[in-house]
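# Remarks on the overall topology
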Amino acid sequence: MTPRRRYLLEMAAATDRLARAADSGDKRRFTDDDLYRYALAFLWLRLAEPATRLLNLRLVDERTVPAWSFLPAIRNSLAHEADEEIAYSPLWSRLPDTIEAVNDDLDRLLAS
């Protein structure tokens, strides 16, 4: 399996898990339940890490770059900032649009 395909499959798995986790909660749970919030943050990291690798290695086409351009910043924040420095609320608010956009791109990229 090529690195490109492996990263795309990692993203597909993370996107699926993010969607299922989002379905099991709501904004209030995200705000009030730190364990749920941290679990979603970890899943965001599992999505953003392979996306960052794909972008840095230029393994995706130009159509994909604008839609994924914010994922490296999320990855860097979650991986390197102290907990109190992380802006968690965008992780919830961006979730539905991100899942939809990433899934659309993944379908296209995995088919190619």
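All of these numbers come straight from a predicted model, not from anything done at the bench.

### Let's talk about the pattern of salt bridges
- The tally for this structure, following the rule as stated, stands at nine salt bridges.
- With a shortest N-O distance of 2.9 Å, Arg53 and Glu49 are connected by a salt bridge. Taken together, the residues Arg53 and Glu49, both in helix H3 (residues 34–56) and four residues apart, mark about one turn of the helix.
- Among the residues examined, Glu49 registers a relative accessible area of 14% and is labelled buried.
- A salt bridge links Asp61 to Arg108, with the shortest nitrogen-to-oxygen separation between them at 2.7 Å. Taken together, the residues span a long stretch of sequence, with Asp61 in the loop between H3 and helix H4 (64–68) and Arg108 in helix H7 (residues 95–111) at a distance of 47 residues.
- Here the salt bridges share partners, and the residues they tie into one network are Asp61, Arg63, Asp105 and Arg108.

### Details of helix H1 (residues 3–23)
- The end-to-end C-alpha separation of H1 is 30 Å, in line with the 30 Å expected for 21 residues at 1.5 Å each.
- Among all positions in H1, only Tyr7, Leu8, Met11, Ala14, Thr15, Leu18, Ala21 and Ala22 are buried. Projected down its long axis, H1 shows its buried positions confined to an angular sector of 150°, all on one face. In H1, those exposed residues whose orientation departs by more than 90 degrees from the buried face are Arg20 and Asp23.

### What about the packing of aromatic side chains?
- Tallying each qualifying case throughout the model produces three aromatic pairs.
- Judged by centre distance (5.5 Å) and plane angle (35°), the ring pair of Phe30 and Trp92 falls under tilted. Placement of the pair is Phe30 in helix H2 (residues 27–32) and Trp92 in helix H6 (residues 89–93), with a sequence separation of 62 residues. Pair check on accessibility: Phe30 and Trp92 agree, each one buried.
- On the basis of an interplanar angle of 55° and a centroid distance of 5.9 Å, the ring pair of Tyr38 and Tyr88 is categorised as tilted. In this pair, Tyr38 is assigned in helix H3 and Tyr88 in the loop between helix H5 (71–80) and H6, connecting sequence segments 50 residues apart.
- Relative accessible area serves as the criterion here: at 35%, Tyr38 is assigned to the partly exposed category.
- Among the residues examined, Tyr88 registers a relative accessible area of 13% and is labelled buried.
- A connected cluster of aromatic rings, assembled from ring pairs, spans Phe30, Tyr36 and Trp92.
- Its end group placed over the ring of Tyr88, Arg37 keeps NZ or CZ at 5.8 Å from the ring centre.
- Its guanidinium or amino end placed over the ring of Phe70, Arg94 lies 3.7 Å from that ring's centre, counting from NZ or CZ.

So, how was this worked out
- Residues numbered from 1 in each chain as written.
- Predicted model: local features only at pLDDT ≥ 70, side-chain atom pairs only at ≥ 80, totals over all residues.
- Heavy atoms only, no water.
- Salt bridge = Lys/Arg side-chain N within 4 Å of Asp/Glu carboxyl O.
- Helix = DSSP H or I, 4+ residues; strand = E, 2+ residues; numbered from the N terminus.
- Buried < 20%, exposed > 50% of the residue type's maximum accessible area, 1.4 Å probe, protein only.
- Expected span 1.5 Å × (residues − 1).
- Arc of directions from axis to C-beta.
- Phe/Tyr/Trp six-rings, centres within 6.5 Å; stacked < 30°, edge-to-face > 60°.
- Lys NZ or Arg CZ within 6 Å of the ring centre and 35° of its normal.

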